[in-house]
Amino acid sequence: DLQDYDSETESVCPFCGVGCLVSLKVKDGKVKYVEGINGPANEGRLCVKGRFGYDYIHHPHRLTKPLIRREDAPAKGLNVDPGDLSTHFREATWDEALDLAAKGLMDLRAEDPRLVAGFGSAKCTNEEAYLFQKFIRHGFKHNNVDHCTRLCHASSVAALIENVGSGAVTATFNEIENADVAIVIGSNPIENHPVAATYFKQFTKRGGKLIVMDPRGIGLRRFASEMVQFRPGADVSMLNAIMHVIVEEGLYDQSYIEKFTENWEAEKAHLAQFSPEKMSDICGVSPDQLRRVARTFANGKAGLIFWGMGVSQHIHGTDNSRCLISLALMTGNVGKPGAGLHPLRGQNNVQGASDAGLIPMFLPDYQTVTDAGVREAFTQVWDSGDFSHEKGLTVTEIVDQVYAGNIRGMYIQGENPAMSDPDVDHARAAFAKLDLLIVQDIFLTETANYADIILPASALYEKNGTVSNTNRQVQRVRPAVPPPGEAREDWSITTELADRMGLDWGYRDVSEVFDEMKLNMKSLDNITWERLKTESVTYPSLSENDPGQAIVFGDGFPRAEGRARFTPAAVIPPDEAPDADYPMIMTTGRQLEHWHTGAMTRRSRVLDAVEPEANCSLHPRTLKLMGVEPGEMVRLSTRRGSIEIMARADRAIAEDMVFVPFAYVEAAANILTNPAIDPYGKIPEFKFSAVKVEKI
Ligand code: SF4
């Protein structure tokens, strides 16, 4: 009986960056079911994760008490049974666990503050992300703090800040209602942003021209006017060829370029060498199709460009985004209805966590740590001394320094790098070396296997605070149920830890943190805790009555002289080429039912029932050549390691490729992935590894 519930609470779906608003129906202290409600991003819609993926919060594996590693525990490794933690950990009181954690951190700090680093989380709220970066900067006086944006859209943000002056989207995805052409590249929204995809489908139904570009023939191709299936890693050659045609045929918007941009002449000269005929062999797209796509996009009245991690997760990820920015600028497609740049965000609060400064080079609102005036503004609010002007280490750099013994203590909140890092056996070996690993999470994640102290935290449906979605919409999350047992909200745990280290924070309510954030975040101007009780607000909001600006930069850019920049991009091959030993190409990603490292969705009854087993996808002809039937096991090997995994047939994948979801610990895709990083965004090349596929 769907009417039989005790209470209902409005909150935000905890999974992808679309930020669907939900109503949680609670019966007997448990969430009984979830309904979509009329949020600005979802208008009542939900995908299968939002609709059925709520029950992980009641899973028996939830951490309910602080835990301390036993002195007689086996050596650190991926060796703890999540159903019986007593072999490795003993239960402790909060006082004991927090005192031990604070003492351990202070002992390391006394030796050298740089012995400690932190990973915060895009699964937490804006306030929790803000406090986490403050914890490292205030407590340890350096910037060695990061989160999963480094593995997601760091290269997109680097290119956007460089060329547009802001790391967020220039238009909401709902603006597709006003577009007549749209590009979706390196993104599989039907599986990864399913509610956003419903708007894309409606757009094509109204006659909008959808250009889908991807090495895989993803589901959205069924709605596309052009499906451009290009070679993995060949984004720059393809995009430069498209822009070459726009220049050659004079399809660019000269008046927009003159009014709003710089460096056009250099870009134009650079593009001269990228004719479709020359690039076709590199990118695997015919000159005819490259020309057709160029004309379709440039001749549209208003065009949007959406991209995902197929673009960002390369050693040339920043260059890929630079090309997309140039394409939008040269066609005058920023700052007007139906036009813009939109990297689709993966985690539900990766936008907000980045905005809140949970990154090693930027304080909140992307204010650089190298600027003494910026640091002073924060230290005044924090009532603290100055901290380092040096940009901090990123996720993969921190792990390397842990492995090298230069970082000996870590505080990890809600991240699972022992599953999500590239070449993850290296990361796991690094975590085993730490003198002090404090993990704050809701489950015994793979990373928590290596912990010395585990602090039981809260799931999003147990939290109070705000999150910001891919559209820059700031929305309230509210607790439908309390955290189980002695688990606590993350902001209060970080505050307790800070207070025990003598930082004297003393927040009593999460709204106090939000109010503090507003002091140095102009993006939150006109957005108040009070307003957020009844509405979602898109930043920037120009007044207390303005619901926020869906489109930005119509009258110039937040860069010198208000101009955006063209940054030419050269063709750089992937870090490792297929060869006789590893002849195929592996790419990784997510599936509709499972989200990221699987800690939540694999503990959801319905989602796990629909997609219970680790699997990879290969073209049916490739399987036939190998003598493998769909459903049989194969071995995948790269220069980093091997996994055994069930093979599926998928005609959408190229014959020399294999696609591997990264949610499955029993066949962890990241054992195989290449840790080579983009020099600007410092993002690893998850999307291209040379691989050998064998029948077992
Ligand atoms: Fe949740 Fe994203 Fe699905 Fe919306 S589209 S219900 S935010 S997972």
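What counts as what
- Residues numbered from 1 in each chain as written.
- Predicted model: local features only at pLDDT ≥ 70, side-chain atom pairs only at ≥ 80, totals over all residues.
- Heavy atoms only, no water.
- UniProt positions renumbered as here; feature names shortened; annotations may be inferred.
- Buried < 20%, exposed > 50% of the residue type's maximum accessible area, 1.4 Å probe, protein only.
- Helix = DSSP H or I, 4+ residues; strand = E, 2+ residues; numbered from the N terminus.
- Contact = heavy atoms within 4.5 Å.
- Near = heavy atom within 4 Å.
- Nonpolar A, V, L, I, M, F, W, Y, C, P; charged D, E, K, R; others polar.
- Axes fitted to C-alpha atoms, helices over the stretch in contact; angles between N-to-C directions.
- Parallel < 35°, antiparallel > 145°, perpendicular 65-115°, else oblique.
- Left-handed = near helix turned anticlockwise from the far one by under 90°.
- Pairing = 2+ DSSP bridges.
- Core = buried A, V, L, I, M, F, W, Y, C linked by side-chain atoms within 4.5 Å.
- Lys, Arg positive; Asp, Glu negative; His and termini not counted.
- Salt bridge = Lys/Arg side-chain N within 4 Å of Asp/Glu carboxyl O.
- Polar contact = N/O pair within 3.5 Å; in protein donor to acceptor, adjacent residues only side chain to side chain.
- Disulfide = S-S within 2.5 Å.
- Phe/Tyr/Trp six-rings, centres within 6.5 Å; stacked < 30°, edge-to-face > 60°.

UniProt, in the comment section headed Sequence similarities (unreviewed entry), describes the protein chain in these words: "In the C-terminal section; belongs to the prokaryotic molybdopterin-containing oxidoreductase family."

Bringing helix α19 (residues 490-500) into the picture now. In terms of residue burial, α19 counts as a mostly covered element, since eight of its 11 residues are buried. When α19 is considered as a whole, its buried residues turn out to be D490, W491, S492, I493, T494, T495, L497 and A498. Tucked into the core, α19 has its buried residues touching α2 (94-111), α3 (126-140), β16 (409-413), β17 (436-441), β18 (453-456) and α20 (510-519). Remark: G502 follows α19 within two positions and exhibits a positive phi of approximately 80 degrees.

Around the ligand sit C13, F15, C16, G19, C20, L46, C47, K49, G50, P194 and V195, and those are all the residues in its vicinity. Split into classes, the residues belonging to the shell around the ligand amount to eight nonpolar, two polar and one charged.

Bringing the packing of helix α16 (residues 395-403) against helix α18 (residues 424-433) into the picture now. Where α16 contacts α18, the axes come no closer than 8 Å and their chain directions differ by 55 degrees. Classified by the interaxial angle, the pair formed by α16 and α18 is oblique. Where α16 crosses over α18, the two elements pack in a sense that is left-handed. Of α18, the residues touching α16 (which contributes V399, D400, V402 and Y403) are H426, A427, A429, A430, F431 and K433.

An order of β1-β2-β3 is seen for the three strands of this open sheet, with the pairing classed as antiparallel. The sheet is open, and its two borders are formed by β1 (7-12) and β3 (30-36), each paired with just one other strand. The average undirected angle you get between the axes of adjacent strands in this sheet is 30 degrees. Bridge analysis of strand β2 (residues 21-27) against β3 gives six bridges, and the strand direction is antiparallel. If you follow S23 over to β3, its bridge partner there is E35.

Residues V31, L105, F135, I176, F200 and F306 are the most contacted members of the largest nonpolar core, which totals 97 residues. If sequence neighbours within four positions are ignored, I176 has contacts with A182, Y199, F200, F203, R206, L304 and F306. The next biggest cluster of nonpolar side chains, apart from the first, holds 54 residues, and it includes L67, V399, A448 and L623.

On to the side chain of R603. As for its position among the elements, R603 is in the loop between β23 (584-589) and α22 (605-610). In this structure R603 is buried but unpaired, with E446 as the nearest side chain of opposite charge at 6.1 Å. Among the polar contacts listed, one links the side chain of R603 to the side chain of H61, at a separation of 3.2 Å. When sequence neighbours within four positions are dropped, the list of residues in contact with R603 reads D55, Y56, H59, H61, P82, F443, L444 and G598.

Evaluation of the coordinates by the stated rule reveals zero disulfides. Cysteine C283 is unpaired, with the sulfur of C323 as its nearest cysteine sulfur at 12 Å.

Let's shift gears to the packing of aromatic side chains. Applying the stated criterion to the full structure yields 18 aromatic pairs. Ring geometry for F514 and W529: centres 5.6 Å apart, planes at 55 degrees, overall tilted. Note that F514 is positioned in helix α20 and W529 in helix α21 (residues 529-532), a separation of 15 residues in sequence. Neither F514 nor W529 differs from the other in exposure class; each is buried. Both rings, one in F553 and one in F557, keep their centres 5.4 Å apart while their planes meet at 45 degrees; by these two values the pair is tilted. Across the pair, F557 and F553 agree in class, each one buried. Cluster of aromatic residues (ring-pair linked, three or more members): F132, F135, F140, Y411, W505 and Y507.

To continue, consider the packing of α2 against α19. It is the contact of α2 with α19, at a shortest axis distance of 9 Å, that shows an interaxial angle of 60 degrees. Of the possible angle classes, the one that applies to α2 and α19 is oblique. Considering the relative orientation of α2 and α19, their crossing is right-handed. Residues W94, D95, L98, D99, A101, A102, L105 and M106 of α2 lie in contact with α19, whose contacting residues are I493, E496, L497 and R500. Of the residues assigned to the contact of α2 with α19, the class counts are eight nonpolar, no polar and four charged.

A separate point is the sheet that holds strand β19 (residues 465-468). Taken in spatial order, the three strands of this open sheet run β19-β20-β21, and their pairing is antiparallel. At either margin of the open sheet sits one strand with a lone partner, and together these are β19 and β21 (537-538). The pairing of strand β20 (residues 473-477) with β21 spans two bridges and is antiparallel. What sits directly across from V474, in β21, is V537.

Let us now look at the pattern of salt bridges. Considering all chains together, one arrives at 47 salt bridges under this definition. Measuring nitrogen to oxygen at the nearest pair gives 3.4 Å for the salt bridge that ties K25 to E35. Within this pair, whereas K25 is found in strand β2, its partner E35 is found in strand β3, the two being separated by 10 residues in sequence. By relative accessible area, K25 is classed as buried at 4%. With relative accessibility at 35%, the residue E35 sits in the partly exposed group. The closest approach of N and O atoms between E162 and R322, which form a salt bridge, is 2.7 Å. In this pair, E162 is assigned in helix α4 (residues 154-163) and R322 in helix α13 (residues 317-330), connecting sequence segments 160 residues apart. Residue class for E162 comes out partly exposed when judged on its relative accessible area of 27%. On the basis of relative accessibility, which here comes to 6%, the residue R322 falls in the buried class.

Turning next to the side chain of H193. Relative to the helices and strands, H193 resides in the loop between α5 (189-192) and α6 (194-205). Contact partners of H193, with chain neighbours within four places excluded, come to C16, G17, V18, N188, L344, R345, G346 and R590.

Moving on, we get to the pairing of strand β9 (residues 209-213). With respect to burial, β9 is a largely interior element, four of its five residues being buried. Alignment of strand β8 (residues 181-185) against β9, held across five bridges, turns out to be parallel. In the strand pairing of β9, I183 is matched with I211. The sheet contact formed by β9 and strand β10 (residues 226-228) spans three bridges and is parallel. Looking at the pairing, V212 lines up with M227 of β10.

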